[in-house]
Amino acid sequence: MKLKKTVEAQELSNTQESNGKSLFAKNKAQKDESKPKYNSLKEVMDLNRPFKMMYSGVEDEKNFQILYDMGIRNFLISFHYVQKKRLNTKKYEELGIKFFVDSGAFTFITNLEFQDYTIEEWEKYIETYLRWIEKHRDIVFAFASLDLEYLVGGEKVQEWNEKYFEPFMLRTGIPVCFVYHDNATKLTWEQYCQRYPYVGISWGGLDTQGSDVAYGTKKLKVAEKYGAVVHGMAMTQTALLTKLPFYTVDS
């Protein structure tokens, strides 16, 4: 009887030790998962990547297929429109397609139904956005920050950049395009180019001065000074693209 109790006690001790090690390993894995993978945002970027023009409007697979059959290989999709769709990720992986993912900010800014959203609602949207990006990372080339300066102000957007988007980029290695708006973003364009290796400017639309070579040249020279690359949003004027060295643009 004494021997049986001793064996049972030993088995219990081994089980507790095993569970303890398992729990320790799990906690360590969780800590490692949240640990930054990169020391700087610039390390994440492939700065030698050739120029790419992204074609939008392909949230519908039929539209995607039409463009793909025409030889197009670079696409932009909006998270706002695809978040509830079940994307056929295997198909895109097999085709070697990686999307630039837009946050949907332009839709929010121009649609009255989003004007009364609270900060808490927007932050919940950001968290959902980032989870979706990480889940679909195999088909994501890069994605845009949530540039809602015209709704929540430049200070709040910069707070989001530092709280959500910068740590996410460092941890996952997925490039974030930090979108800038003249006269609305908290930092200056020069400060943005110093801080972020991949910056976006809206061409036309709400940023009305984005309309000529002089404007683009000025912006791109500042970016070049700090080793940053630039995405032109809604910038597909081919006459200008031959003169302005964007990294990426979209339709």
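Residues numbered from 1 in each chain as written. Predicted model: local features only at pLDDT ≥ 70, side-chain atom pairs only at ≥ 80, totals over all residues. Heavy atoms only, no water.

**Student:** Please clarify how the pattern of salt bridges should be interpreted in this entry.
**Tutor:** Opposite charge on two side chains permits pairing when their charged atoms draw close. Applying the stated rule across the entire model yields seven salt bridges. Put simply, E159 and K156 hold a salt bridge, and the shortest N to O gap is 3.2 Å. Residue E159 and its partner K156 are located together in helix α9 (residues 154-172), separated by three residues, close to a single helical turn. Measuring nitrogen to oxygen at the nearest pair gives 2.9 Å for the salt bridge that ties R195 to E166. One end of the pair, R195, is in helix α10 (residues 189-195); the other, E166, is in helix α9, and 29 residues separate them in sequence. Classification of E166 as buried rests on a relative accessible area of 12%. Salt bridges here are not isolated pairs; linked through shared partners, they connect E162, E166 and R195. (Salt bridge = Lys/Arg side-chain N within 4 Å of Asp/Glu carboxyl O. Helix = DSSP H or I, 4+ residues; strand = E, 2+ residues; numbered from the N terminus. Buried < 20%, exposed > 50% of the residue type's maximum accessible area, 1.4 Å probe, protein only.)

**Student:** I'm lost on the pairing of strand β6 (residues 198-202) in this one. Help?
**Tutor:** Counting buried positions along β6 yields five of five residues, so the element is predominantly enclosed. Because side chains alternate across β6, one face comprises the buried residues Y198, G200 and S202, and the other comprises V199 and I201, equally buried. One ladder, built from three bridges, connects strand β5 (residues 176-180) with β6; its direction is parallel. Residue pairing across strands places Y180 opposite I201, the latter belonging to β6. With α10 bridging β5 and its parallel neighbour β6, the resulting β-α-β unit is right-handed. As paired strands, β6 and strand β7 (residues 229-233) are joined by five bridges and run parallel to one another. Across the sheet, G200 pairs through a bridge with H231, a residue of β7. (Pairing = 2+ DSSP bridges. Right-handed = clockwise from strand over helix to strand, strands pointing away.)

**Student:** Which parts of the structure should I look at to understand the nonpolar core?
**Tutor:** Looking at soluble globular proteins, one finds that nonpolar side chains tend to be buried together. Ranked by internal contacts, the top residues of the largest apolar core, which has 76 residues, are F99, V101, F143, L146, F165 and F246. Excluding residues within four positions of it along the chain, F99 makes contact with V58, F64, F75, I77, Y92, I139, V140, F141 and A142. (Core = buried A, V, L, I, M, F, W, Y, C linked by side-chain atoms within 4.5 Å. Contact = heavy atoms within 4.5 Å.)

**Student:** What should I look at first to understand the packing of aromatic side chains in this one?
**Tutor:** Aromatic ring pairs are reported here in terms of the distance separating the ring centres and the angle at which the planes meet. What the rule picks out here adds up to 28 aromatic pairs. Measuring from ring centre to ring centre gives 6.4 Å for Y129 and F165, while their planes differ by 65 degrees; the resulting arrangement is edge-to-face. One end of the pair, Y129, is in helix α7 (residues 119-135); the other, F165, is in helix α9, and 36 residues separate them in sequence. On the basis of relative accessibility, which here comes to 0%, the residue F165 falls in the buried class. Three or more aromatic residues joined by ring pairs form one cluster here, namely F79, F108, F114, Y117, W122, Y125, Y129, W132, F143, F165 and F168. Above the ring of F141, the side-chain terminus of R49 is found at 3.7 Å from the ring centroid. The ring centre of Y68 lies 3.6 Å from the NZ or CZ of R73, which sits over that ring. (Phe/Tyr/Trp six-rings, centres within 6.5 Å; stacked < 30°, edge-to-face > 60°. Lys NZ or Arg CZ within 6 Å of the ring centre and 35° of its normal.)

Remember that the coordinates give geometry; whether it matters functionally is a separate question.
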